[in-house]
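What follows is the residue order along each chain.
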Amino acid sequence: MKKNIFKSMLLAAFAMGIAACSSDPVGPEPTPEYFSYGAFVVNSGNQTNKINGTLDYIEFGSNTIINNVFEKVNGRSLGITANDAFVYGSKLYIAVDSEQLVEVVDAKTLQSLKQIKLDGAARHLTACEGKMFVSSYSGDVCRIDTTSLTVDKTIKVGDYPEGMATYGNLVFVTNSGYGSGHTFTVIDGTTGNVTGTHECPTNPTDIVCDGNYLYLLTSGTYKADWSGYEEDPAIYRINPDYLDFPLVTKGTAVASNFMKLYSFNANYYNPDITYRETDTNSGMYKELDLSKDIKYPCAIAADPITGHLWVSSYNLSEYGYADYSAPGYIVEYDSNMNKLHEYNTGVGPIAIAFFNNLK
């Protein structure tokens, strides 16, 4: 199929209400070769100001962005507070927090396939052993059968679970406790059974894997008078025995790729925002000079195919603060941190999901 097939199909969907795919070529199938196809940007919107969440699509072949693509294809919005997205197989799964559901769409046409309702806010997603897992503020992780698109198992974890990561056939879930939690839960991805819940630093909200180790992000705990952090937001390495958590760096967001961690520290009480690349083999790190491009970072992600780094940002209000009700933008850097492209997004570009497909 042609590299820009998504764009062609989307135009067809607008004109005809359907999306069609070009025929496969006649003759022997070429050797499959992975390439980076595109990226979905989840925009949370702003519930207070009644701005619904949206979905944007960046097509790498033409370096263009299609804004609000879900609504353009389906004739309705995602709803209030879109929070995360994950591409698995031919489908894109979108966690919509305040709607308490997972929106499932065809990753190529963006046509909605099903809305899967949960008993609590839908937070984050990961895939393991042919299933999709979604954390919910009900205190559960719901396992979704990717064929029937139904919840086939509800797994009780800790209070207010947040970010998740897959390591082999295990799913790791952070239990934030809405700021006071101090555990993560491990789930057998094959059976869906909990293998253990383990103590960790306070307020874990995200977790990533570099291939060798897992890295835990904690969002910090506030002082009693709210004058600062009692414990700063930080990133820790999880050792295999789950008993030791060496500090890697202070930070408020983290992404991993190719044995590297990328992080930024946008501490509310510190006006100096910093960015860092850490080699997880050597432990060496270097500071990244992204402040000339990024006004106030929102999300960070690394493309597993190209190694390119993506950082989304809020724009600033007239008072110099992050404007949570205005459209944001996202910047792409190559592996040497040279700026490649910048795209305007919707309001609150909170998550980035890569669509890596076969030619």
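Residues numbered from 1 in each chain as written. Predicted model: local features only at pLDDT ≥ 70, side-chain atom pairs only at ≥ 80, totals over all residues. Heavy atoms only, no water.

S.K.: Please give an account of the sheet that holds strand β8 (residues 122-128) that cites residues and values.
M.R.: Pairing is antiparallel across the open sheet formed by 4 strands, whose spatial order is β8-β9-β10-β11. Unpaired on one side and paired on the other, β8 and β11 (150-156) mark the two borders of the sheet. Put simply, the sheet's adjacent strands are angled 25° from each other on average, direction ignored. Where β8 lies against strand β9 (residues 131-136), 5 bridges are found, and the strand directions are antiparallel. Within β9, the position partnered with T126 by the bridge is F133. (Pairing = 2+ DSSP bridges. Helix = DSSP H or I, 4+ residues; strand = E, 2+ residues; numbered from the N terminus. Axes fitted to C-alpha atoms, helices over the stretch in contact; angles between N-to-C directions.)

S.K.: Break down the packing of aromatic side chains for me, citing the residues and quoting the values.
M.R.: Taken as a whole and judged by the stated rule, the model has 22 aromatic pairs. Note on F40 and Y57: the rings are 4.8 Å apart at their centroids and 50° apart in plane angle, and the pair reads as tilted. Of the two residues, F40 is situated in strand β1 (residues 34-43) and Y57 in strand β2 (residues 54-59); the sequence distance between them amounts to 17 residues. The interplanar angle of 35° and the centroid separation of 6.2 Å between the aromatic rings of F172 and F184 together place this pair among those described as tilted. Of this pair, F172 sits in strand β13 (residues 170-175) while F184 sits in strand β14 (residues 183-188), and the two are 12 residues apart along the sequence. The same class applies to F172 as to F184, namely buried. Each member of the aromatic cluster is reached from another via a ring pair, and the members are Y222, W226, Y229, Y268 and Y269. Across from the ring centre of Y213, 4.3 Å away, lies the NZ or CZ of R237, which sits over that ring. One cation-aromatic arrangement involves R276 over Y285; the distance from NZ or CZ to the ring centre is 3.6 Å. (Phe/Tyr/Trp six-rings, centres within 6.5 Å; stacked < 30°, edge-to-face > 60°. Buried < 20%, exposed > 50% of the residue type's maximum accessible area, 1.4 Å probe, protein only. Lys NZ or Arg CZ within 6 Å of the ring centre and 35° of its normal.)

S.K.: Which residues make up the nonpolar core, and what are the values?
M.R.: Counting 23 residues, the largest nonpolar core has F40, L55, V69, L92, I94, L110 and F355 as its most contacted members. Where this core is concerned, the elements lending two or more residues are β1, β2, α2 (69-74), β4 (82-88), β5 (91-96), β6 (101-106) and β30 (349-358). Core analysis: the second largest hydrophobic core is formed by 17 residues, F264, A302, V311 and M337 among them. (Core = buried A, V, L, I, M, F, W, Y, C linked by side-chain atoms within 4.5 Å.)

S.K.: Describe the pattern of salt bridges, listing the residues and the values that go with them.
M.R.: Summed over the entire model, instances satisfying the criterion amount to 13 salt bridges. For D232, the salt bridge goes to K250, with nearest N and O atoms at 3.0 Å. Of this pair, D232 sits in the loop between β19 (229-231) and β20 (234-238) while K250 sits in strand β21 (residues 247-250), placing them 18 residues apart in sequence. Given a relative accessible area of 45%, K250 falls into the partly exposed group. Residue D293 pairs with K339 through a salt bridge whose shortest N-O separation is 3.9 Å. Residue D293 is found in the loop between β25 (285-288) and β26 (296-302), and its partner K339 is found in strand β29 (residues 339-347); the two are separated by 46 residues along the sequence. (Salt bridge = Lys/Arg side-chain N within 4 Å of Asp/Glu carboxyl O.)

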